[in-house]
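Observations on the three-dimensional arrangement
Each chain, letter by letter, is given below.
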Amino acid sequence: MKPSTHRPTQAIINLAAMQANIKNFKTYINNSTEIWAVVKANGYGHGANDVALSANDLVSGFCVSNLDEAIELRSHGIVKPILVLSGIVPADIHIAVNLRVTVTVPSLDWLKLVIEHLEDVETEHLKYHIKVDSGMGRIGVTTAQEANDIIALADNYDMVFDGVFTHFATADEAAQEKFEAQWSQFNAIVSALSRRPKYVHSSNSAAGIWHKDTIQDIERLGDAMYGLNPSGRTLDMTYQITPALELKSELTHIKTIEKGATVGYGGAFVADQSTIVGTVPIGYADGWTRDMTGFYVLVNGQRCPIIGRISMDQMTIALPEILPIGTKVTLIGQDGDEKITVDDVAAHRGTINYEVVCLLSDRIKRIYQNG
Ligand SMILES: *Cc1c(COP(=O)(O)O)cnc(C)c1O
């Protein structure tokens, strides 16, 4: 779907803020760890290509979740290493080879399937990282034996053992036990490998922020690069981050309704007094989900409640006064002395900031500033 450019609803992405977030992280860890920017899911809704191009000079590589995301980055001029964090479809291995994309080997079985698809595929430059399941319980090998079998089999095809990595389930929590169990399990497996690859890595944003003594050869920096605290409000940040995304729109319709009139599907909002109602062109098809009813937006620096049900393409708010069509509406961001953060939205929905930004659909136009 193409973004709707003839509509005032826009996500404004401050690329300078994102760059500063990377620089501040580097200063914080103060060592030579490579930063690989995680730009999966359209750069957490911020726009993968623009984010990647803007981060390119500050990072050593990129991480994505699937092969299509890697193809997109390559077609937009990204030449640095790209690691696909999950196992690709084995029959697609030639695409990874042709685009010099680094693949994740999640199991020996996966590698065997890949080897069935190697007709005419030159694997001698194919880089792979073995994924270790140290306790997340999703994908990855759970023993050094399986990892060593992968290395031996891949050696037969001259594949390049470039990395081994794991992923933490609880790095964003105050409790340490699970993190420490995963950390020692990962280290035990790595130390039992038949050889050490170029990269041993385990840190996501949360591990980098709250367990910086465990950062290894690569930091896979996602949420914090976008200026979001991976723990939400649970743990305090340890260095300065600035949110990179604002979500803005405009009033497209203003009217006064009388006591007893209803607004929206189901007639769910019933005016208990004369009410000025403004319409904003954003709805659940934009990722502004139906549970946003009862939350608020900012107009002229004032909080205005969202009333009635959220429709697919529009929602309605109560206004303090009659305002002109085109009046600015802030859904995420600063307006006067008031501010709505992604975490405010997440808290209202009972979810995490990641989900709020990732759900912003392609229909929302992205505007890039300070690139
Ligand atoms: C998404 C992801 C990351 C980035 O996580 P953040 O919490 O956003 O920093 C790192 N590693 C893996 C394997 C991931 O899937």
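Residues numbered from 1 in each chain as written. Predicted model: local features only at pLDDT ≥ 70, side-chain atom pairs only at ≥ 80, totals over all residues. Heavy atoms only, no water.

With that out of the way, let us pick up the overall build of the chain. Helix and strand counts for the chain stand at 11 helices and 20 strands. Taken along the three principal axes of its C-alpha coordinates, the chain extends 75 × 45 × 40 Å. Sorting the 371 residues of the chain into buried and exposed places 54% on the buried side. A separation of at least 24 residues holds for 68% of the contacts in the chain among residues at least 6 apart in sequence. Of the roughly 15900 Å² of accessible surface on the chain, 49% is carried by carbon and sulfur atoms. Between the mean site of the 31 positive side-chain charges and the mean site of the 43 negative ones, the chain shows a separation of 5 Å. (Helix = DSSP H or I, 4+ residues; strand = E, 2+ residues; numbered from the N terminus. Buried < 20%, exposed > 50% of the residue type's maximum accessible area, 1.4 Å probe, protein only. Contact = heavy atoms within 4.5 Å. Areas by Shrake-Rupley, 256 points an atom, 1.4 Å probe, with all protein chains shown as cover. Lys, Arg positive; Asp, Glu negative; His and termini not counted. Charge placed at Lys NZ, Arg CZ, Asp CG, Glu CD.)

With respect to the secondary-structure elements, Lys131 resides in strand β6 (residues 127-132). Non-local contacts of Lys131, meaning those with residues more than four positions away in its chain, are made with Thr104, Val105, Pro106, Ile139, Gly140, Val141, Phe165, Thr166 and His167.

Quick look at the domain arrangement of the chain now. Think of interface size as the accessible area that goes away when the parts come together; that is how it is often given. What the domain assignment reports for the chain is domain 1 (15-226) and domain 2 (245-340). Each of domain 1 and domain 2 has a C-alpha centre, and the two are 42 Å apart. (Domains from an automatic or database assignment.)

For the structure shown, the criterion picks out nine aromatic pairs. Each ring, one from Phe25 and one from Tyr239, has its centre 5.8 Å from the other, and the planes form 65°; the classification is edge-to-face. Here the residue Phe25 occupies a position in helix α1 (residues 15-29), and Tyr239 occupies one in the loop between β9 (218-221) and β10 (245-250), the gap between them amounting to 214 residues. Ring centres of Tyr28 and Tyr239 lie 5.1 Å apart, and the angle between their planes is 25°; on these two criteria the pair is classed as stacked. With a gap of 211 residues between them, Tyr28 in helix α1 and Tyr239 in the loop between β9 and β10 connect regions that are remote in the sequence. What links up through ring pairs into an aromatic cluster is the set Phe25, Tyr28 and Tyr239. Lys212 extends its terminal NZ or CZ atom over the ring of Tyr28, reaching a point 4.3 Å from the ring centre. Just above the ring of Trp288 sits the side chain of Arg349; from NZ or CZ to the centre is 5.7 Å. (Phe/Tyr/Trp six-rings, centres within 6.5 Å; stacked < 30°, edge-to-face > 60°. Lys NZ or Arg CZ within 6 Å of the ring centre and 35° of its normal.)

So, about the layout of surface pockets. There is about 680 Å³ of room inside the largest pocket. Every residue lining the largest pocket is counted, 28 residues in all, and those nearest its centre are Lys40, Tyr44, Arg138, His167 and Tyr354. If you list the elements that add at least two residues to the lining of the largest pocket, you get α2 (40-44), α9 (205-210) and α11 (353-358). Its residues assigned to classes, the lining of the largest pocket comprises 15 nonpolar, seven polar and six charged. Its volume calculated, the second largest pocket comes out at about 370 Å³. Along the wall of the second largest pocket there are 20 residues; nearest its centre are Thr242, Pro243, Ala244, Leu245 and Lys339. When residues of the lining of the second largest pocket are traced back to their parent elements, those giving at least two are β1 (10-14), β10, β18 (328-335), β19 (338-340) and α10 (342-349). (1 Å grid on protein atoms, 1.4 Å probe; cavity = no way out; pocket = protein on both sides within 12 Å on 5 of 7 lines; lining within 4 Å. Points joined across faces, edges and corners; volume = space filled by probe spheres on them. Nonpolar A, V, L, I, M, F, W, Y, C, P; charged D, E, K, R; others polar.)

Taking burial as the measure, the six residues of β6 include five buried ones, the bulk of the element. Bridge count between strand β5 (residues 103-105) and β6: three bridges; the pairing is parallel. Paired with Thr104 across the two strands is His129, which belongs to β6. Chirality of the crossover, the property in question, places the unit of β5, helix α6 (residues 108-115) and β6 among those that are right-handed. (Pairing = 2+ DSSP bridges. Right-handed = clockwise from strand over helix to strand, strands pointing away.)

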